[in-house]
Amino acid sequence: MTGVRLQVQDPQNAAGLASIAVSVEETSAPTAEIISPSPSETYYSNALILFSALIQDAEDDSADLTYSWTSSLDGELPITVQPESSGEVQQYLGLTPGQHAITLSVTDSSNKTTNETVAIIVGGENQAPSCSIDTPLDGSVYTLGQAIAFSGTAVDPDINNTDLVVRWTSSIDGLFDETTANTDGSLAFVYDDLTAGN
């Protein structure tokens, strides 16, 4: 606590005195939390990346904070969206291929700054996966209720084949299997409930 005293005196040396106690506290630095991009995600140079963060301050409204995003490869990023009242900031932007250190800097009205950094890898252009059906052969005939062995491949040059979403569909029954591909891209399962029809 700090004591503040006021003293006044007239020409006849009569005096008056008043005092109070005040507390002068340091302001807090703003907080910054990067929600996206994330080091665990996969990014491509031909796809937009979500930049999302939560910026807040104990003394200032989020709208009064200044912030900037920078990349170790691309420099300062053109993200200027106004923060929501909750402090959330969201904008999409593309990055060049390579390993990026992404830094979010937030400054409050007392010029205190907080930096938050994540490292991400941006690959080249995303390439489409490929797939093939090995069995049954085109034109094969089966009886109703017969177990049919389905096999094929589903591969992707950019990600692990087990991360692919695989769907087998029938023109009559619609979706009938979603078995995940093996690491080598192979697919195999048996199904015996296809509806009769051509």
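Residues numbered from 1 in each chain as written. Predicted model: local features only at pLDDT ≥ 70, side-chain atom pairs only at ≥ 80, totals over all residues. Heavy atoms only, no water.

Undergrad: Can you break down the pairing of strand β6 (residues 66-71) residue by residue, with the values?
TA: Here six bridges tie β6 to strand β9 (residues 98-107), and the two strands are oriented antiparallel to one another. By the bridge assignment for β9, Ser68 is matched with Ser105. Relative to strand β7 (residues 75-76), β6 runs antiparallel, the two being bridged by two bridges. Looking at the pairing, Ser71 lines up with Gly75 of β7. Linkage of β6 to β7, two consecutive antiparallel strands, is achieved through a turn of three residues. (Pairing = 2+ DSSP bridges. Helix = DSSP H or I, 4+ residues; strand = E, 2+ residues; numbered from the N terminus.)

Undergrad: Which residues make up unusual backbone geometry, and what are the values?
TA: For the bond running from Ser36 to Pro37, omega is 10 degrees, close enough to zero to count as cis. Note that Pro37 resides in the loop between β3 (31-36) and β4 (43-44). The linkage connecting Thr135 with the following residue, Pro136, adopts the cis geometry, with an omega of 0 degrees. As for its position among the elements, Pro136 is in the loop between β11 (130-135) and β12 (148-155).

Undergrad: Requested: an account of the sheet that holds strand β8 (residues 88-93), with residues and values cited.
TA: Spatial ordering of the open sheet is given by β3-β5-β8, a layout of three strands whose pairing is antiparallel. The open sheet has two free edges, formed respectively by β3 and β8, since each of these has just one partner strand. Between one strand axis and the next, the sheet turns by 20 degrees as a mean value, whatever way the strands run. Pairing of strand β5 (residues 49-56) with β8 involves six bridges; the strand directions are antiparallel. By the bridge assignment for β8, Ser52 is matched with Gln90. (Axes fitted to C-alpha atoms, helices over the stretch in contact; angles between N-to-C directions.)

Undergrad: Any details on the environment of Ala29? Residues and values, ideally.
TA: Mapped onto the secondary structure, Ala29 falls in the loop between β2 (15-22) and β3. With a relative accessible area of 38%, Ala29 lands in the partly exposed category. Between the C-alpha atom of Ala29 and that of Asp138, which follows or precedes it by 109 residues, the distance is 67 Å. Contact partners of Ala29, with chain neighbours within four places excluded, come to Asp57, Asp108, Lys112 and Thr114. (Buried < 20%, exposed > 50% of the residue type's maximum accessible area, 1.4 Å probe, protein only. Contact = heavy atoms within 4.5 Å.)

Undergrad: So what about the packing of aromatic side chains? Which residues, and what values?
TA: Throughout the structure, instances matching the rule amount to seven aromatic pairs. When the ring of Phe176 is compared with that of Tyr191, the centres are 5.0 Å apart and the planes differ by 40 degrees; the resulting orientation is tilted. Residue Phe176 is located in strand β14 (residues 174-177), and its partner Tyr191 is located in strand β15 (residues 186-191); the two are separated by 15 residues in the primary sequence. Here a set of aromatic residues connected by ring pairs shows up, and it is made of Phe150, Trp168, Phe176, Phe189 and Tyr191. (Phe/Tyr/Trp six-rings, centres within 6.5 Å; stacked < 30°, edge-to-face > 60°.)

Undergrad: Before we move on, can you summarise the sheet that holds β11 with the specific residues and values?
TA: What the three strands build is an open sheet, ordered β11-β12-β15; its pairing is antiparallel. Taken across any chain shown, the strands that pair with only one partner, and hence form the sheet edges, are β11 and β15. Adjacent strand axes in the sheet meet at a mean angle of 20 degrees, parallel and antiparallel pairs treated alike. For β12 and β15, the ladder comprises six bridges, and the chain directions are antiparallel. Note that in β15 the partner of Phe150 across the bridge is Phe189.

Undergrad: Kindly report on the nonpolar core, identifying the contributing residues and their values.
TA: Phe51, Tyr67, Trp69, Leu95 and Leu104 are the most contacted members of the largest nonpolar core, which totals 21 residues. Among the elements of the structure, β3, β5, β6, β8, β9 and β10 (113-123) are those that each provide at least two residues to this core. Per element, the largest residue contribution to this core is four residues, and it comes from β5. Discounting chain neighbours no more than four positions away, the residues touching Phe51 are Ser36, Pro37, Trp69, Leu77, Ile79, Val89, Gln90, Gln91, Leu93, Leu95 and Ile102. In this structure, Trp168, Ala181, Leu187 and Phe189 belong to the second largest nonpolar core, which totals ten residues. (Core = buried A, V, L, I, M, F, W, Y, C linked by side-chain atoms within 4.5 Å.)

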